[in-house]
Amino acid sequence: MGTTQPIRDLKELKELENYYYETKQNLRNYAMICLGVNCVLRISDLLQLRWGDVYDFSSEKYRYHIVVKEHKTEKWTRIALNKNAVIALDQYKKSLPPLQTDSYLFPGKKGFAPLSRSQAYRIIRHASENLNLDKHISCHSLRKTFGYHAWKNGVSPVVLMDIYNHSSFHVTKRYLGLEQEDKDSVFLQINL
């Protein structure tokens, strides 16, 4: 079954993030991937973000939180912008002409509409194919990758369930993309 997978290998994740920064420079695509990995929004919600959602033009500072109503769940969520997300956004912002609060963060080709989901998918697939990464990497991999690495770093699945706004632990467990090697490492670490 070809299910979207998180990017488990940190080296591969850095390669994907840097593909549009170093190899085929496109700072919009670079920032989209970096923010996607660090904010757990579904791609449809990520693409609807506007500069005013992440940047306070009056104080000329990045916001501490993104506050958004998720389209799929109709639930409000509050996501802290971490250092890596802000760095990517700032590099991207510096490459752009003056922006308006209501300018889309990731505009499509014509600039007045957001990038489409299908174009975001092509951007991610293009990079992952050129880097010879797992064939099951897609836009949703960005969302899943955050949870997988948070779990690997000791974050409780219950907290992740709340971060993702999941209604059941079963859904969160599936998101984490646990494999046999993840289970094996727990057995091998615990020697009673």
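Residues numbered from 1 in each chain as written. Predicted model: local features only at pLDDT ≥ 70, side-chain atom pairs only at ≥ 80, totals over all residues. Heavy atoms only, no water.

## Digging into the nonpolar core
Counting 42 residues, the largest nonpolar core has M32, L35, L46, I66, L89 and F106 as the members making the most contacts within it. A total of nine residues in this core trace back to one element, the largest contributor, which is helix α2 (residues 27-39). Once residues lying within four places of it in the same chain are set aside, the contact partners of I66 are L35, C39, L49, D53, V54, T77, R78, I79 and L81. One finds V40, L160, Y175 and L176 within the second-largest nonpolar core, a separate group that totals six residues. (Core = buried A, V, L, I, M, F, W, Y, C linked by side-chain atoms within 4.5 Å. Buried < 20%, exposed > 50% of the residue type's maximum accessible area, 1.4 Å probe, protein only. Helix = DSSP H or I, 4+ residues; strand = E, 2+ residues; numbered from the N terminus. Contact = heavy atoms within 4.5 Å.)

## Quick look at the pairing of strand β3 (residues 65-69)
A one-sided burial pattern is seen for β3, the buried positions being I66 and V68 and the unburied ones H65, V67 and K69. Of the strand pairs in this sheet, β3 and strand β4 (residues 76-80) are connected by five bridges, and their pairing is antiparallel. By the bridge assignment, I66 is partnered in β4 with I79. A loop of six residues connects β3 with β4, the two strands running antiparallel in sequence, and E74 in this loop sits at a positive phi of about 65°. (Pairing = 2+ DSSP bridges.)

## Focus: helix α9 (residues 169-176)
Within α9, burial applies to T172, Y175 and L176. Angular distribution of buried residues about the axis of α9 spans 100°; they occupy a single face of the element. Exposed residues pointing more than 90 degrees away from the buried face of α9 are listed as H170 and R174. Among the structural elements, α7 (139-152) and α8 (157-163) are those in contact with the buried residues of α9. (Arc of directions from axis to C-beta.)

## Structural notes on the packing of helix α1 (residues 10-23) against α2
Close contact between α1 and α2 brings their axes to 6 Å; oriented N to C, the two are set at 155°. As summarised for this structure, α1 and α2 are arranged roughly antiparallel, according to the angle between their axes. Mapping the contact onto sequence places L13, L16, E17, N18, Y20 and Y21 in α1 and L27, N29, Y30, I33, C34, V37 and N38 in α2. Tallied by class, the residues present in the contact of α1 with α2 amount to nine nonpolar, three polar and one charged. (Axes fitted to C-alpha atoms, helices over the stretch in contact; angles between N-to-C directions. Parallel < 35°, antiparallel > 145°, perpendicular 65-115°, else oblique. Nonpolar A, V, L, I, M, F, W, Y, C, P; charged D, E, K, R; others polar.)

## What to know about the packing of α2 against α7
The contact between α2 and α7 brings their axes to 6 Å, and the two run at 45°. Classified by the angle their axes make, α2 and α7 are oblique. With respect to the hand of their crossing, α2 and α7 are arranged in right-handed fashion. Taken together, the residues of α7 that come into contact with α2 (itself represented by M32, I33, G36, V37 and N38) are L142, R143, T145 and F146. (Left-handed = near helix turned anticlockwise from the far one by under 90°.)

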